[in-house]
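Examination of the molecular architecture
Listed here are the chains, written in short residue letters.
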Amino acid sequence: MVTNGITVQLDSYHFLLEKNGFQPADHAFLLYYSPAHVAENGHVAFETTLVKVPVNPRNAERLFYRALDVLSGELPESSLECGFCAWEKQVRVKAFARA
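An account of the accompanying structure is given in this report. Quick caveat: nothing in here was measured; it's all calculated off a predicted structure.

Parameters at a glance
Residues numbered from 1 in each chain as written. Predicted model: local features only at pLDDT ≥ 70, side-chain atom pairs only at ≥ 80, totals over all residues. Heavy atoms only, no water. Helix = DSSP H or I, 4+ residues; strand = E, 2+ residues; numbered from the N terminus. Rg over C-alpha atoms; globule rule 2.2 N^0.38 Å. Buried < 20%, exposed > 50% of the residue type's maximum accessible area, 1.4 Å probe, protein only. Pairing = 2+ DSSP bridges. Polar contact = N/O pair within 3.5 Å; in protein donor to acceptor, adjacent residues only side chain to side chain. Patch = residues over 30% accessible without salt bridge, like charges linked within 9 Å, V, L, I, M, F, W, Y side chains within 5 Å. Areas by Shrake-Rupley, 256 points an atom, 1.4 Å probe, with all protein chains shown as cover. Salt bridge = Lys/Arg side-chain N within 4 Å of Asp/Glu carboxyl O.

Time to look at the overall build of the protein chain. Regarding its fold elements, the protein chain presents three helices and two strands. The linear arrangement of helices and strands in the protein chain, starting from the amino end, is α-β-β-α-α. At 21 Å, the protein chain has a C-alpha radius of gyration far larger than the 13 Å of a compact globule built from 99 residues. Taking the principal axes of its C-alpha atoms as reference, the protein chain extends roughly 55 × 45 × 25 Å. Taking all 99 residues of the protein chain together, 12% fall into the buried category.

What follows is the structure in structure tokens.
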């Protein structure tokens, strides 16, 4: 039920809270809502599921420093198959056209 993306997000929140002087718990809670029943008048009743998720701010810290390494490294060569490269080229062309 808890995806890797959510785990990364929760780890990151914990990391940022620590760096700002807070002492968060070693876990987080997620509350999921699922429609259980829809009445004739449109009223929707929901079931809820509370999930306790362990967090590890060291994972976010490693990700943060890895991102810094990537950003300070050499740019890779462009590729015709790369969707990001094509988008970046369009943005760059539009930005220079306005200047």
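Having seen it, we continue.
Let us now look at the pairing of strand S1 (residues 27-38). Taken together, the eleven bridges between S1 and strand S2 (residues 44-54) define a ladder with antiparallel strand orientation. Bridge pairing in S2 links Val-38 to Val-44. Following S1, the chain reverses through five residues before pairing antiparallel with S2; Gly-42 in that reversal takes a positive phi of roughly 95°.

Topologically, Asn-20 is positioned in the loop between helix H1 (4-19) and S1. In this structure the side chain of Asn-20 is engaged in a polar contact, spanning 2.8 Å, whose partner is the backbone oxygen of Leu-16.

Residues Phe-29, Leu-31, Tyr-33, Val-38, Val-44, Phe-46 and Leu-50 make up a contiguous nonpolar surface patch of about 730 Å² in total accessible area. Secondary structure elements with two or more residues in the nonpolar patch: S1 and S2. The greatest single-element share of the nonpolar patch, amounting to four residues, is contributed by S1. Mapped onto the fold, Phe-46 is located in strand S2. Residue classification places Phe-46 among the partly exposed residues on the basis of a relative accessible area of 48%.

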